[in-house]
Amino acid sequence: MATTSLSQLLEELHAHGAKLVAVSKTHGEEAIMGLYRQGQRAFGENWVQELVEKQPKLPADIEWHFIGHLQTNKVKYIASFVHMIHSVDSLKLLQEIDKQAAKHNRVIPCLLECRIAQEETKFGLTLADAGAILSDPALAQLKHVQIAGVMGMASFTEDTAQVKKEFEQLKAMFDTLKQSFFAQDDRFCEISMGMSGDYRIALEVGTTLVRIGSLLFGPRE
Ligand SMILES: *Cc1c(COP(=O)(O)O)cnc(C)c1O
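Conventions used here
- Residues numbered from 1 in each chain as written.
- Predicted model: local features only at pLDDT ≥ 70, side-chain atom pairs only at ≥ 80, totals over all residues.
- Heavy atoms only, no water.
- Near = heavy atom within 4 Å.
- Polar contact = N/O pair within 3.5 Å; in protein donor to acceptor, adjacent residues only side chain to side chain.
- Areas by Shrake-Rupley, 256 points an atom, 1.4 Å probe, with all protein chains shown as cover.
- Nonpolar A, V, L, I, M, F, W, Y, C, P; charged D, E, K, R; others polar.
- Core = buried A, V, L, I, M, F, W, Y, C linked by side-chain atoms within 4.5 Å.
- Buried < 20%, exposed > 50% of the residue type's maximum accessible area, 1.4 Å probe, protein only.
- Salt bridge = Lys/Arg side-chain N within 4 Å of Asp/Glu carboxyl O.
- Helix = DSSP H or I, 4+ residues; strand = E, 2+ residues; numbered from the N terminus.
- Pairing = 2+ DSSP bridges.
- Right-handed = clockwise from strand over helix to strand, strands pointing away.
- Phe/Tyr/Trp six-rings, centres within 6.5 Å; stacked < 30°, edge-to-face > 60°.
- Arc of directions from axis to C-beta.
- Contact = heavy atoms within 4.5 Å.
- Axes fitted to C-alpha atoms, helices over the stretch in contact; angles between N-to-C directions.
- Parallel < 35°, antiparallel > 145°, perpendicular 65-115°, else oblique.
- Left-handed = near helix turned anticlockwise from the far one by under 90°.

Side note on the site of the ligand
Here comes step 1: Surveying the vicinity of the ligand reveals 13 residues, the closest of which are Lys 25, Ser 196, Gly 213, Ser 214 and Arg 220.
Here comes step 2: Contact distances for the ligand include 2.5 Å between an oxygen atom and a side-chain N or O atom of Ser 196.
Here comes step 3: One of the side-chain N or O atoms of Arg 220 is found 2.7 Å from an oxygen atom in the ligand.
Here comes step 4: Relative to its unbound accessible surface of 390 Å², the ligand loses 92% to contact with the protein.
Here comes step 5: Split into classes, the residues belonging to the shell around the ligand amount to 6 nonpolar, 4 polar and 3 charged.

Considering the nonpolar core
Here comes step 1: Core analysis: the biggest nonpolar cluster contains 65 residues, and Ile 78, Ile 85, Leu 94, Ile 97, Phe 167 and Leu 216 have the highest contact counts within it.
Here comes step 2: By size, the runner-up hydrophobic cluster in this structure holds 6 residues, among which are Val 21, Met 84, Ala 148 and Leu 209.

Notes on the pattern of salt bridges
Here comes step 1: Tallying each qualifying case throughout the model produces 9 salt bridges.
Here comes step 2: Notably, a salt bridge pairs Asp 61 with Arg 41, separated by 3.1 Å at the nearest N-O pair. Here Arg 41 lies in the loop between α2 (29-36) and β2 (42-45) and Asp 61 lies in the loop between α3 (48-54) and β3 (63-66), a separation of 20 residues in the sequence.
Here comes step 3: In this structure, the salt-bridge partner of Asp 185 is Arg 187, at a minimum N-O distance of 3.1 Å.
Here comes step 4: A single salt-bridge network, built from bridges that share partners, covers Glu 45, Glu 50 and Lys 54.

Thoughts on the pairing of strand β1 (residues 19-23)
Here comes step 1: Taking burial as the measure, the 5 residues of β1 include 4 buried ones, the bulk of the element.
Here comes step 2: Of the pairings in the sheet, the one linking β1 to strand β8 (residues 209-212) comprises 4 bridges and is parallel in character. Residue Leu 20 lies in a different strand from β8, and its bridge partner there is Val 210.
Here comes step 3: Since β1 and β2 lie parallel, the crossover through α2 that links them has a hand, and here it is right-handed.

With respect to the packing of aromatic side chains
Here comes step 1: Counted by the stated rule, this structure contains 3 aromatic pairs.
Here comes step 2: On the numbers, 5.0 Å between centres and 10° between planes, the contact of Phe 174 with Phe 188 is stacked. Here Phe 174 is found in helix α8 (residues 160-181), whereas its partner Phe 188 is found in the loop between α8 and β7 (190-192), with 14 residues between them in sequence.
Here comes step 3: When the ring of Phe 182 is compared with that of Phe 188, the centres are 4.1 Å apart and the planes differ by 0°; the resulting orientation is stacked.

With respect to the side chain of Ser 196
Here comes step 1: In this fold, Ser 196 is placed in the loop between β7 and α9 (199-205).
Here comes step 2: Side-chain polar atoms of Ser 196 contact the side chain of Ser 214, separated by 3.4 Å.
Here comes step 3: A distance of 3.0 Å separates a polar side-chain atom of Ser 196 from the backbone nitrogen of Leu 215.

Thoughts on helix α1 (residues 6-15)
Here comes step 1: Every buried residue belonging to α1 is among Leu 6, Leu 9 and Leu 13, and all of these are buried. Buried residues along α1 cover an arc of 70° about the axis, so they all sit on one side. Facing away from the buried side of α1 by more than 90 degrees, the exposed set consists of Ser 7, Gln 8, Glu 11, His 14 and Ala 15.
Here comes step 2: Those residues of α1 hidden inside the fold are in contact with β1, α2, α9, β8 and α10 (214-217).
Here comes step 3: Residue Gly 17 follows α1 closely and has a positive phi angle near 70°.

Quick look at the packing of helix α6 (residues 127-135) against α8
To describe two helices that pack against each other, one gives the angle between their axes and the distance between the axes.
Here comes step 1: Running from N to C, α6 and α8 point in directions that differ by 25°, and their axes come no closer than 11 Å. One finds that α6 runs roughly parallel with respect to α8. α8 is crossed by α6, and the crossing has right-handed handedness. Along its contact with α6, which presents Leu 127, Ala 130, Gly 131, Leu 134 and Ser 135, the element α8 presents Met 173, Thr 176, Leu 177 and Phe 181.
Here comes step 2: Per-class residue counts for the contact of α6 with α8 are 6 nonpolar, 3 polar and no charged.

Bear in mind that shape data such as this cannot, by itself, settle questions of function.
Following this line, the structure appears as C-alpha cells:
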C-alpha cells in the first residue's frame, strides 16, 4: 500500500467531519515527530509497554489514544496521561480505569468496543452486553471515566459490501445506545471506525474518528 500525505488525508477526513488518530504502533519517535511537526497531535498505540516507553520521549501535548486490548493489571501504567481508551469491553475494566484515573484526579474518556466482525478472534461487546454495562448501577458510581462512544473493527476482507454492513451495524449500535442512555448527553459522540484499508467506507457510514497507521507510516515490521 502506498502511503499518503497527512494533509491530503486530513482534507478528505475533514470533508466528512471525521478526526484522525495516527496509529504509530511499531514506529519510532522519528516517524511520530515527522507527523507531529506537521501539526498532528492524536496518536494511537496498541501495547501498554510500547506506549509507556515512547510517551516520556515525545512532546507532552500529544494526545495518546489506547486502541489495543487492555488488561486490567496494565491500566495503572497509562492512567496518568492517556487521552482516550478505545477498547473497553467490560465493567470490570471501567472500574479499574476509574480507580487509577482517580489517583491522578483525571476523567478518562472511554469507548465501548463493540463486536461487528464475523471473525471469532475479534474482541467486543454485543449490543446487549453494552446495554447491560450502561444500565448497571455500579457505572453511576464511577466519576473518573466518561463513556464517549463506541469503537469497532470490521472483518479483514476484500468484500467491501460486508465491511460496509459491519460499519452500519456499529453506527446502528451507537444510535441505539445514544437514544437509550445518552439522549441528553453530548459527550457520547464518537464512533471510532475505519483503518487504512477501509476508512473510506467508514467515512460514508459516518465515522467520527478513524485510526490510520500504515497509510501514513508505511508498512509495519
Ligand atoms: C493497527 C490498528 C489500526 C491501524 O491499522 P492500519 O491498517 O495500519 O491503518 C487501527 N485500529 C486498531 C485497533 C489497530 O490495532
